[in-house]
Amino acid sequence: MTSDATTLARPVRADAATKARNPTFDELMARATALSAVVRERARQTEQDRRVSPEVTDMLRHAGLYRALQPKRFGGYELSIEELRSLAFEIGRGCTSTGWCYGLSAAMSWVLGMFPDQAQHDVWGEAPEAVVASCIAPTGKIRSVDGGYKFQGRWSFGSNSDNASWLALGGMLSTGEGQPPRPMFLLVPEGQYRIIDNWHTVGLAGTGSKDIAIEEEIFVPAHRSVSFADVLDQQSPGALVNSSPIYRIPFLSGFPPLLANPAVAALRGAIDEFVESVAARTTRGAFVGGGNTIGHFGHVQSAIAEAEAAVDAAQLILQRDLRVVSDMAACGSKPSTEQRIEFRRGHAYAVKLCVNAINGLFDAVGGTGINLDNGVQRAWRDIHAVAHHISVNWNAVSTMCGQMRLGLPPRGQY
């Protein structure tokens with residue numbers, strides 16, 4: 001692979017998007033704050049629809065929010081992953097499912113920026129506002145052929161796939177007899193895969209994380225692929241044509257914080273709703289303290305305090321780890337195995353904090369909290385759903401840290 005970026009990067013067609021002044025982060029945050037109120041009003045409908053609507057997707061697109069991590073040469077802003085996390089947090093305060101879909105699809109612009117230059121032109125050359133979704137688990141089957149690969153399989157958890165025109169799908173490349181298969185991401189355009197409408201869940205119900213199927217082998221050109229090792233080890237071909245250091249951040253140090261982030265955003269939104277509409281309600285029934293407002297009870301006050309502290313602590317963990325890995329990428333250094341595992345610990349622990357806090361808040365919400373229109377119970381379901389994702393599940397991730405500290409070989413992804 002040549003290291004001369006000037007020989008690899010093709011000129012990008014100039015259009016209004018690339019000529020216009022890019023909005024500042026503060027301007028984007030103001031837009032996200034305005035949209036947060038909109039998606040909060042639609043949160044129940046989003047659950048019932050089991051997907052984020054095309055209308056909300058267009059609002060996010062027209063606000064420029066999907067361009068946060070897109071390369072500048074395609075009209076993107078090349079913000080930091082922490083800035084994207086903050087934007088997705090604001091959206092997620094209003095609707096966890098919408099924040100989840102927005103954050104993960106916007107992050108795929110970062111991942112696509114690590115693919116070869118031709119793949120980026122395939123997606124954004126004529127459609128710079130194209131939305132990309134993903135199924136990162138390498139459950140597909142890949143085999144090499146002349147000029148590329150033959151690819152098929154079935155994937156779960158295709159979040160936001162209804163609103164995407166391309167999918168990045170994980171697969172295992174057969175590398176020959178006696179050799180272990182190699183995990184890769186392959187880009188597939190709309191029309192070459194099938195979305196299976198099977199997303200019926202108790203939490204994150206509005207994410208539309210449906211199964212994806214490619215029943216018969218399709219051909220994928222070689223340039224629409226990137227190895228998992230390259231995006232883990234900061235050796236991606238896209239880093240040769242996109243100069244921003246964000247395209248040298250290891251995938252498992254940058255992507256999991258955006259999986260943890262919706263849980264923190266959901267907790268923040270639940271606190272706000274609790275204080276606004278629950279705490280002032282007068283209790284009913286024959287028990288000690290009946291007739292007082294819910295906010296007068298000590299355990300309720302403590303539940304709010306724990307939830308506020310959990311949001312602060314989780315945000316600080318995610319902010320710190322993203323800042324550290326971003327600074328390392330900017331100066332050309334790589335995190336050690338120990339640092340990568342500690343990052344992974346932080347991603348999962350942030351979610352664990354939110355699980356404990358939302359349990360306390362939901363316990364205090366009272367009988368009306370079981371109503372499906374209640375935002376606190378929706379956050380309770382959504383946060384528990386986030387905690388079941390293998391990448392941020394405390395039981396799955398924490399063992400790596402314990403193994404490392406005990407001098408055992410770490411078993412897991414970092």
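Residues numbered from 1 in each chain as written. Predicted model: local features only at pLDDT ≥ 70, side-chain atom pairs only at ≥ 80, totals over all residues. Heavy atoms only, no water.

A. Fine view of the side chain of Ser209. Within the secondary structure layout, Ser209 lies in the loop between β5 (194-196) and β6 (210-221). Ser209 gets classed as buried once you look at its relative accessible area, which sits at 4%. Polar side-chain contacts of Ser209 include one of 2.6 Å to the side chain of Ser159. Only 2.7 Å separates the side chain of Ser209 from the side chain of Thr207, close enough to count as a polar contact. Those residues in contact with Ser209 that sit more than four places away from it in its chain are Trp100, Phe157, Gly158, Ser159 and Trp199. (Helix = DSSP H or I, 4+ residues; strand = E, 2+ residues; numbered from the N terminus. Buried < 20%, exposed > 50% of the residue type's maximum accessible area, 1.4 Å probe, protein only. Polar contact = N/O pair within 3.5 Å; in protein donor to acceptor, adjacent residues only side chain to side chain. Contact = heavy atoms within 4.5 Å.)

B. View of the packing of helix α13 (residues 337-363) against helix α15 (residues 394-405). The N-to-C vectors of α13 and α15 enclose an angle of 145 degrees; their axes lie 9 Å apart at closest approach. As α13 packs across α15, the resulting crossing turns out to be left-handed. Touching Glu338, Ile341, Glu342, Arg344, Arg345, Ala348, Tyr349 and Lys352 of α13 are Trp394, Val397, Met400, Cys401 and Met404, all from α15. Across the contact of α13 with α15, the residue classes tally to eight nonpolar, no polar and five charged. (Axes fitted to C-alpha atoms, helices over the stretch in contact; angles between N-to-C directions. Left-handed = near helix turned anticlockwise from the far one by under 90°. Nonpolar A, V, L, I, M, F, W, Y, C, P; charged D, E, K, R; others polar.)

C. Quick peek at the sheet that holds strand β3 (residues 166-173). Sheet architecture is open: seven strands sit in the order β5-β6-β2-β1-β3-β4-β7, paired in mixed fashion. Two strands lie at the open edges of the sheet, namely β5 and β7 (225-227), each paired on one side alone. Each strand axis lies, on average, 25 degrees off the axis of its neighbour in the sheet, ignoring direction. Pairing analysis gives eight bridges linking β3 to strand β4 (residues 182-189), with the strands arranged antiparallel. Paired with Gly171 across the two strands is Met184, which belongs to β4. (Pairing = 2+ DSSP bridges.)

D. Region of the structure containing the pattern of salt bridges. Overall, the coordinates contain 23 salt bridges when judged by the stated rule. With a shortest N-O distance of 2.8 Å, Asp162 and Lys210 are connected by a salt bridge. Placement of the pair is Asp162 in the loop between β2 (148-158) and β3 and Lys210 in strand β6, with a sequence separation of 48 residues. Classification of Lys210 as buried rests on a relative accessible area of 6%. With a closest N to O distance of 3.0 Å, Asp272 and Arg268 form a salt bridge. Taken together, the positions of Asp272 and Arg268, both in helix α11 (residues 256-278) and four residues apart, correspond to about one turn of that helix. Each member of the pair Asp272 and Arg268 is classed as buried. Beyond isolated ion pairs, a larger network of salt bridges with shared partners links Arg44, Glu47, Asp373, Arg378 and Arg381. (Salt bridge = Lys/Arg side-chain N within 4 Å of Asp/Glu carboxyl O.)

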